[in-house]
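# Commentary on secondary and tertiary structure
Spelled out, the chains give:
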Amino acid sequence: MKSYQKLTTTHPAACRLEEEGAAPMPSGHGKLAPWWVGSGLLVAAVLLSTITVWVLRQVSGGWLGPMAPPKCLLVPESHRFDCYPERRVVVTQELCESRGCCFIQSPPPAEGKQGVPWCFYPPDFPSYTLESLNQTALGMVGVLVRREKAYYPRDIQKLRLDVEFETDTRLHIKITDAANPRYEVPLDVPQVMKRAENPIYSLNFSWDPFGVLLQRKATGTVLLNTTVAPLIFADQFLQISTSLPSKFLYGLGEHRDRFLHSLDWNTLTLWARDVPPTESFNLYGAHPFYLLMEEDGNAHGVFLLNSNAMEVVLQPAPGLTWRTIGGVLDFYIFLGPDPNMVIQQYQQVIGFPAMPPIWALGFHLCRWGYGSSNETWQTVRAMRNYQIPQDAQWNDIDYMDGYRDFTLDSQKFTSLPSLVEDLHKHGQHYVMILDPGISSTSPHGSYWPFDEGLRRGLFLNTTKGQPLIGQVWPGFTAFPDFSNPDTHQWWLENLQHFYSHVPFDGLWIDMNEPSNFMDGSEHGCPPGELDSPPYTPAVLGDSLSAKTVCASAEQKVSVHYNLHNLYGLMETKATASALVKIRGKRPFIISRSTFPSQGRYSGHWLGDNRSQWKDMYYSIPGVLSFSLFGIPLVGADICGFSGSTSEELCTRWTQLGAFYPFARNHNTQKEKAQDPTAFSPAARTAMKDVLLTRYSLLPFLYTLFHRAHLQGDTVARPLFFEFPGDVATWELDRQFLWGRSLLVTPVLEPGVDSVTGYVPRGMWYDFYTGSSVNSSGELLKMSAPLEHLNLHIREGSILPTQKPGTTTEVTRGNPLRLIVALSSDATAWGDLFWDDGESLDTFEKGNYSYVMFNVTQNIFTSTVLHANAEATKVTIGTLSIFGVQKPPSKVLLNGQEKPFSYLDNQVLTVSDLGMSLSQGFSLQWL
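Residues numbered from 1 in each chain as written. Predicted model: local features only at pLDDT ≥ 70, side-chain atom pairs only at ≥ 80, totals over all residues. Heavy atoms only, no water.

The name given to the protein chain in an unreviewed UniProt entry is Lysosomal alpha-glucosidase, with Catharus ustulatus as the source organism. According to the UniProt record, the Sequence similarities (unreviewed entry) comment for the protein chain is "Belongs to the glycosyl hydrolase 31 family." On record in UniProt, under Subcellular location (unreviewed entry), the comment for the protein chain is "Lysosome membrane". (UniProt positions renumbered as here; feature names shortened; annotations may be inferred.)

### Some details on the sheet that holds strand β23 (residues 470-472)
Backbone-to-backbone hydrogen bonds pair the strands of a sheet. The strands run either parallel or antiparallel. Taken in spatial order, the three strands of this open sheet run β22-β24-β23, and their pairing is antiparallel. The open sheet terminates on both sides in strands that have one partner only, identified here as β22 (438-439) and β23. Pairing of β22 with strand β24 (residues 475-478) involves two bridges; the strand directions are antiparallel. Looking at the pairing, Ile438 lines up with Ala478 of β24. (Pairing = 2+ DSSP bridges. Helix = DSSP H or I, 4+ residues; strand = E, 2+ residues; numbered from the N terminus.)

### Quick look at the pairing of strand β13 (residues 266-270)
Where burial is concerned, most of β13 is hidden: five out of the five residues are buried. Here β13 shows two buried faces, one formed by Asn266, Leu268 and Leu270 and the other by Thr267 and Thr269. In terms of strand pairing, β13 meets strand β16 (residues 310-315) through five bridges, oriented antiparallel. The residue of β16 that forms the bridge with Thr269 is Glu311. (Buried < 20%, exposed > 50% of the residue type's maximum accessible area, 1.4 Å probe, protein only.)

### A closer look at the packing of helix α14 (residues 681-696) against helix α15 (residues 698-711)
A pair of packed helices can be characterised by two numbers: the angle between their axes and the separation between those axes. Between α14 and α15, the shortest axis-to-axis distance is 5 Å and the interhelical angle comes to 55°. Relative to α15, the element α14 is oriented oblique. Between α14 and α15, the residues in contact are Arg694, Tyr695 and Ser696 and Leu698, Pro699 and Leu701, respectively. A per-class count over the contact of α14 with α15 returns four nonpolar, one polar and one charged. (Axes fitted to C-alpha atoms, helices over the stretch in contact; angles between N-to-C directions. Parallel < 35°, antiparallel > 145°, perpendicular 65-115°, else oblique. Contact = heavy atoms within 4.5 Å. Nonpolar A, V, L, I, M, F, W, Y, C, P; charged D, E, K, R; others polar.)

### Overview of the state of the cysteines
Applying the stated rule across the entire model yields five disulfides. In this model Cys96 forms its disulfide with Cys119; the gap between the sulfur atoms is 2.2 Å. Judged by the sign of its S-S torsion, about 90°, the bond between Cys96 and Cys119 is right-handed. Of this pair, Cys96 sits in helix α4 (residues 93-98) while Cys119 sits in strand β2 (residues 119-120), and the two are 23 residues apart along the sequence. (Disulfide = S-S within 2.5 Å.)

### Let's talk about the pairing of strand β6 (residues 170-177)
The element β6 is extensively covered by neighbouring structure, given that eight of its eight residues are classed as buried. The turn joining strand β5 (residues 158-167) and β6, which pair antiparallel and follow one another in sequence, is formed by two residues. Relative to strand β18 (residues 329-334), β6 runs antiparallel, the two being bridged by six bridges. Across the sheet, His172 pairs through a bridge with Tyr332, a residue of β18.

### Here's the deal with the pattern of salt bridges
Under the definition given, this model contains 40 salt bridges. Residue Asp124 is joined to Lys71 by a salt bridge in which the shortest nitrogen-to-oxygen separation is 3.2 Å. Of the two residues, Asp124 sits in the loop between β2 and β3 (128-135) while Lys71 sits in helix α3 (residues 70-73), which places them 53 residues apart along the sequence. Classification of Asp124 by relative accessible area gives partly exposed; the value is 30%. For Lys71, a relative accessible area of 35% translates into the label partly exposed. Where salt bridges share partners, they join Asp274, Asp510, Glu513, Arg592 and Asp608 into one cluster. (Salt bridge = Lys/Arg side-chain N within 4 Å of Asp/Glu carboxyl O.)

In structure tokens form, the structure reads like this:
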């Protein structure tokens, strides 16, 4: 059996998959060479390992046990791929060697940490062999055969390998059972019709053992090398490992973590779970996608299209192991080469995000525990009284009768229809919560949602064919099966009925992992390999049914074992479809559980956080991660959900939250109020000011969302996306950008009046004053009194802003102010997308305006590339130009002289332009 680090092959003619005429890679050359090469190095490694083990044994009193075989000692600790990943098992030498693996004890890791696996694969562990490989129109098809069974039941002996060269920057590799169909994720993915002509990647295979070797052609960097550990493909245990070209890896949600993941024996579990965000736990959604920055600043991404319970193990080699318990291995690899392009390419597969209504980008206010519609109304009136911007008022489950969906508490919330009418009169909107659990205990005939769902057979069933009953807020509940199209119709009818009483504008769908206060059901879960599989990933609670429904529950499309991670996505699709039919406008939905393609239907909030400073910090990596996942409409509960906030924390958090793409302040019951009106005049004013700043930037933010919808750009953006060549930006997650232009540097610590932030190389301008900072790429200390958030505009940008009002509706009627941030060569560029803010498919139907702004040679030009009637309703009032080196003698608007002002900090301002957005114009300064 050949070594697992063998990277060349004995079948060069069959396994070279580059374009014809490409120069063959010499055996063992360059970056394709094994990690430890050369006989001299091998001998040295054996001697060193043997001596080290002997010394450690003397020091440790013999905890290392018997001497391991030389082939085991050859494997460096960082390259030991775990052969016995089961949790809650003390791995002994006997257990390990029964699997044919190496056993070397290591010192126990620090508390709460995972360490080097004691049981790991030897270099010659049996794997699959590539038996045949044939060309197809789109790529190739191969057969993989395993001659020695692996150690999990129902090992699949013969696999089918499908390779499609889908585009020059996208490769699709799928491995599945050659003889029998298996569950595959019901996600619409693009079907290509022809093979890529000039791929920027080259693909090789190792035949025996089978392995994928993927390189970037331009640099030779090895992106994937799956020969580092055996491929295992059993019915309920699928595992494949790869080396990584660097340690800079992001994504793999949903977790609370730094944005840049640690590769220090870090296991990330993907299994949707209702739990307040906590480090190392599997959280609400599942996103099996990672982005990796290569050492030279190039980037690539990998997506495993699989919805089963999964864990991804990161280790210092650097290496990664995908481990899932069902479905198939269906990989998409995106070659970028720039991180922005990787995310665009990922969304070409999963779908681009929906365009939100403009009011979705305003400020939202909610709490659990208003107690009544009148108390809710009082908060709205207080916000108006202080003229603090607010676009949407929300209610949590307290509006319901007994916490039952589609009901209204007729005592405490009797005035809710009047409140909603009042909101609409003031250009504001109403959003309410819905949970998927449907109360099952009301007397027959008294609760239509359950009675009718039961009659139509629309709930998850037990293995005995009866509705599975769990427990959520209303008590005992059944769970709608959103994989059944008939359930979508029933959901629509329920929403239509409620809408006739309370004409809501958007929906907040919570508890859709699905959450269950019981484990499994009222009767537990039946015995069997769905609820007790041969291998259970490292899920919180050590069981697939922990605080959710049984994995054996039956649904229309498949068993819940396969569909669990899709539950929230399927509910969201039903909800979006219903909202379009009911309102005839863009749907607004915020969902807690998410899966790839979620952005096509909803946004996301980061769940039940706490009113603590560290939670405020963790919201930034959370927001940035969901930017990678194609869900740009994302934010955390401003000021924290549980616990009690402080005035300082809430002020700082409102400053940060004003720059979440989705900005909502939300609070739990029985805690003091934390809306902006609840604080001192100074804090209230600081919160109001930063929300007005957000509203002034709505034209810019809305245009960023258009670009996300159109081509998959990120809205909240990591700094390294714009500065991939600056390694100092790769670990930054205490700052972020809006688009390419606006740098946000929040205060994340108590008791300070300054903040240190990284300012990438170039000229940056203070958003408020226009004063310039010329950075060499350095950390800068910035003044940050409690009332101030540091914002900087990048040179070469033009930001469309607007005089802010207290709602998006009022703001949209105000004049625009264009802020020009000149580059060192006195150029700048920007754009503006404008439509009615709520109609469906305005871009697709051509019912929009798109305007480009340019500055070159002291001439600003506004060019209308597409126009509609909406653009005639707004004017461009002011042009502020930052970085004008010397005072102009005169300013000409379309050739006519215009008054202007010029300040010592090199800011030129021209006011009272009065130009319609629908008309192009030029402005020159001499």
